[in-house]
Amino acid sequence: IKDNKVGLYTGRGVLLFPCEFTNIKIITIPGLGNLFELKQGSTIGLYNQEGVEIIPIGKYTSYTPLGSYFKVSKGNQYGVCTSNGVEIIPCTYNTDIQLFAKAKVFAASKTEGATLLAFDGQELFDPIADIRIIQAADDYILVQTDKKFGALRHYILDGESGLCQQLNTGKIFNTSINDVVRGQNGKAG
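Read on for a plain summary of the structure. (Residues numbered from 1 in each chain as written. Predicted model: local features only at pLDDT ≥ 70, side-chain atom pairs only at ≥ 80, totals over all residues. Heavy atoms only, no water.)

## Describing the pattern of salt bridges
Note on pairing: side chains with opposite charge can pair once their charged atoms come close.
Then comes step 1: Scanning all chains against the criterion turns up two salt bridges.
Then comes step 2: A salt bridge links Lys 25 to Glu 37; its shortest N-O distance comes to 3.6 Å. Of the two residues, Lys 25 sits in strand 3 (residues 23-29) while Glu 37 sits in strand 4 (residues 33-40), which places them 12 residues apart along the sequence.
Then comes step 3: Residue Lys 25 is classed as partly exposed on the basis of its relative accessible area, which comes to 39%.
Then comes step 4: Relative accessible area serves as the criterion here: at 16%, Glu 37 is assigned to the buried category.
Then comes step 5: In this structure, Glu 123 and Lys 110 form a salt bridge, with 3.0 Å as the shortest nitrogen-oxygen distance. Linking Glu 123 in the loop between strand 13 (113-117) and strand 14 (132-136) with Lys 110 in strand 12 (residues 105-110), this pair joins segments that are 13 residues apart in sequence. (Salt bridge = Lys/Arg side-chain N within 4 Å of Asp/Glu carboxyl O. Helix = DSSP H or I, 4+ residues; strand = E, 2+ residues; numbered from the N terminus. Buried < 20%, exposed > 50% of the residue type's maximum accessible area, 1.4 Å probe, protein only.)

## What about the sheet that holds strand 9 (residues 77-82)?
Backbone-to-backbone hydrogen bonds pair the strands of a sheet. The strands run either parallel or antiparallel.
Then comes step 1: The strand order across the open sheet built from four strands is 7-8-9-10, with neighbouring strands paired in antiparallel fashion. Pairing within the sheet leaves two strands with one partner each, and these edge strands are strand 7 (62-66) and strand 10 (87-93). The mean inter-strand angle of the sheet, taken between neighbouring strand axes irrespective of direction, is 20°.
Then comes step 2: Sheet analysis places strand 7 next to strand 8 (residues 69-74), joined by five bridges and oriented antiparallel. Paired with Pro 65 across the two strands is Phe 70, which belongs to strand 8. (Pairing = 2+ DSSP bridges. Axes fitted to C-alpha atoms, helices over the stretch in contact; angles between N-to-C directions.)

## Here's the deal with the sheet that holds strand 4
Then comes step 1: One open sheet accounts for four strands, arranged 3-4-5-6; its pairing is antiparallel. Because the sheet does not close on itself, it has two edges, and the strands there are strand 3 and strand 6 (53-55). Each strand axis lies, on average, 35° off the axis of its neighbour in the sheet, ignoring direction.
Then comes step 2: In terms of strand pairing, strand 3 meets strand 4 through seven bridges, oriented antiparallel. Each bridged residue has a counterpart across the sheet, and for Ile 27 the counterpart in strand 4 is Leu 35.

## Re the pairing of strand 2 (residues 15-21)
Then comes step 1: The pairing of strand 1 (residues 6-9) with strand 2 spans three bridges and is classified as antiparallel. Bridge pairing in strand 2 links Val 6 to Phe 21.
Then comes step 2: Joining the antiparallel neighbours strand 1 and strand 2 is a turn of five residues, in which Gly 13 adopts a positive phi near 85°.

## Let's talk about the environment of Ile 44
Then comes step 1: When you line up the elements, Ile 44 lands in strand 5 (residues 43-47).
Then comes step 2: The buried category is assigned to Ile 44, whose relative accessible area is 17%.
Then comes step 3: In this view, Ile 44 contacts Glu 37, Leu 38, Lys 39, Pro 56, Ile 57, Gly 58 and Tyr 63; residues no more than four positions away in its chain are not counted. (Contact = heavy atoms within 4.5 Å.)

## Quick look at unusual backbone geometry
Then comes step 1: Backbone geometry at Asp 3 places phi at a positive 50°, although glycine is not the residue there.
Then comes step 2: With respect to the helices, strands and loops of the structure, Asp 3 is situated in the segment before strand 1.
Then comes step 3: Asp 3 gets classed as exposed once you look at its relative accessible area, which sits at 69%.

## A closer look at the side chain of Lys 71
Then comes step 1: Inspection of the secondary structure assignment puts Lys 71 in strand 8.
Then comes step 2: In this structure Lys 71 touches Ser 62, Tyr 63, Thr 64, Leu 66, Tyr 78, Gly 79, Asp 96 and Ile 97, once residues within four positions along its chain are discounted.

Have a look at this one:
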């Protein structure tokens, strides 16, 4: 502690962080282990145990673990960073970003509507206005608009070429959120 600022030395006496921070805390994130959260005034950053920067101090207003990723925000705009701090989805989405790990996609919305994004941040289809994505499966997404629920077939990612193939999209229909929506032979029910 120096002038009400804190720093951190390793157990072997090596300086990891100089006395420039208002707080240093160790946090544990499943799959990533122990990380250091450094606070400088009202801004925060995240560093691994070797002192390597993951989430730069002051770049984002918040971060939240999202599987093996981090959901980040700048004000009311959301994006995603990898566990190495690489921004794969810029903070341009105005709703909370969801991860559907089994389907290997993120769901997010912006002014134009809701969309799915691949793990590299690529939008898999143009945003669809006035819907909310509730769940994503391998090739269907469960959506809601007002009090209607339905399933839309979305793009699939070709694992070998990395190219997206557009599939037929369905229409939103009246159903209950408790109903099971499954795809078979290009139909949902």
